[in-house]
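Here's the letter readout for the chains.
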Amino acid sequence: MNLIFGVILIITMTMMLFMSPEGVLGAFIAGGEKALALSVQMTVVYAVWLGILNVFEKTGLSGKFARALKPANKWLFGTLPEKANDYVSLNISANILGMSGATTPMGIKAVNEMEKHEGTEYAIAMFFVINATSVQLIPSSVLALRIKFGAAAASDVILPTILATLLSSVIGVLLVKLFIRKK
């Protein structure tokens, strides 16, 4: 597939260079500037949320939140090791706040912690589905993009996002419970 796209890109760029070289170079420069500006702005959003999560972890609130989520985690994942439960809880709470990209480090730590123990294949599969479908109460990345690009009502996506992510999470959890067995 990459070969096909590569060939199409080379053919298109070659044609454009012969037809309008100033247009191609101008588009490259403009596209690069926009991509860089957007990357910096999104990095700021993620840095703020990661800072909040770091404070959450250092103050011990993450442990309290993990204990509060323990019954739900037990129902979803089965019995989890304590550290894995903490990471899973942080990951889920960050996803609920719409920080999908910022949750990756906690997700990796959670899976690494679960892999250290026997019989956690079901929990890892469920965690993957929960992480992929995650209910989002505040889709902060989408809101940041909508605000940046001047949407008239940037928050109009909140209710549809909650409904769509809730439905996808429920269906995902049910499918995992139906097709993958706990050990």
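Residues numbered from 1 in each chain as written. Predicted model: local features only at pLDDT ≥ 70, side-chain atom pairs only at ≥ 80, totals over all residues. Heavy atoms only, no water.

Draft legend 1. Structural view of the overall build of the protein chain. Counting its regular elements, the protein chain contains 8 helices and 0 strands. Of the regular secondary structure in the protein chain, the N- to C-terminal order runs α-α-α-α-α-α-α-α. In terms of overall dimensions, the protein chain is more spread out than a globule: its C-alpha atoms have a radius of gyration of 21 Å, far above the 16 Å expected for 183 residues. Dimensions of the protein chain, computed from the C-alpha atoms along their principal axes, are close to 65 × 35 × 30 Å. A buried classification covers 32% of the 183 residues belonging to the protein chain. Relative to all contacts within the protein chain whose residues are 6 or more apart in sequence, the contacts with residues 24 or more apart total 65%. Accessible surface, the protein chain as shown: approximately 11500 Å² in total, 73% of it carbon and sulfur. Each charge sign in the protein chain was given a centre, from 15 positive and 10 negative side chains, and these centres are 8 Å apart. (Helix = DSSP H or I, 4+ residues; strand = E, 2+ residues; numbered from the N terminus. Rg over C-alpha atoms; globule rule 2.2 N^0.38 Å. Buried < 20%, exposed > 50% of the residue type's maximum accessible area, 1.4 Å probe, protein only. Contact = heavy atoms within 4.5 Å. Areas by Shrake-Rupley, 256 points an atom, 1.4 Å probe, with all protein chains shown as cover. Lys, Arg positive; Asp, Glu negative; His and termini not counted. Charge placed at Lys NZ, Arg CZ, Asp CG, Glu CD.)

Draft legend 2. Spatial organisation of the nonpolar core. In this structure, Phe77, Val88, Met114, Met126 and Ile130 are the most contacted members of the largest nonpolar core, which totals 17 residues. Elements with a minimum of two residues in this core: helix H3 (61-77), helix H4 (82-96), helix H5 (104-115), helix H6 (121-133) and helix H8 (158-179). For this core, the leading source of residues is H6, giving 6 residues. What Val88 contacts, discounting residues up to four positions off in sequence, is Asn73, Phe77, Leu80, Ala110, Met114 and Phe127. Ranked by size, the runner-up nonpolar core spans 9 residues in total, among them Trp49, Leu53, Leu90 and Met106. (Core = buried A, V, L, I, M, F, W, Y, C linked by side-chain atoms within 4.5 Å.)

Draft legend 3. Molecular detail of the packing of aromatic side chains. Evaluation of the coordinates by the stated rule reveals 1 aromatic pair. When the ring centre of Trp75 is taken as origin, the NZ or CZ atom of Lys177, which lies over that ring, is 4.3 Å away. (Phe/Tyr/Trp six-rings, centres within 6.5 Å; stacked < 30°, edge-to-face > 60°. Lys NZ or Arg CZ within 6 Å of the ring centre and 35° of its normal.)

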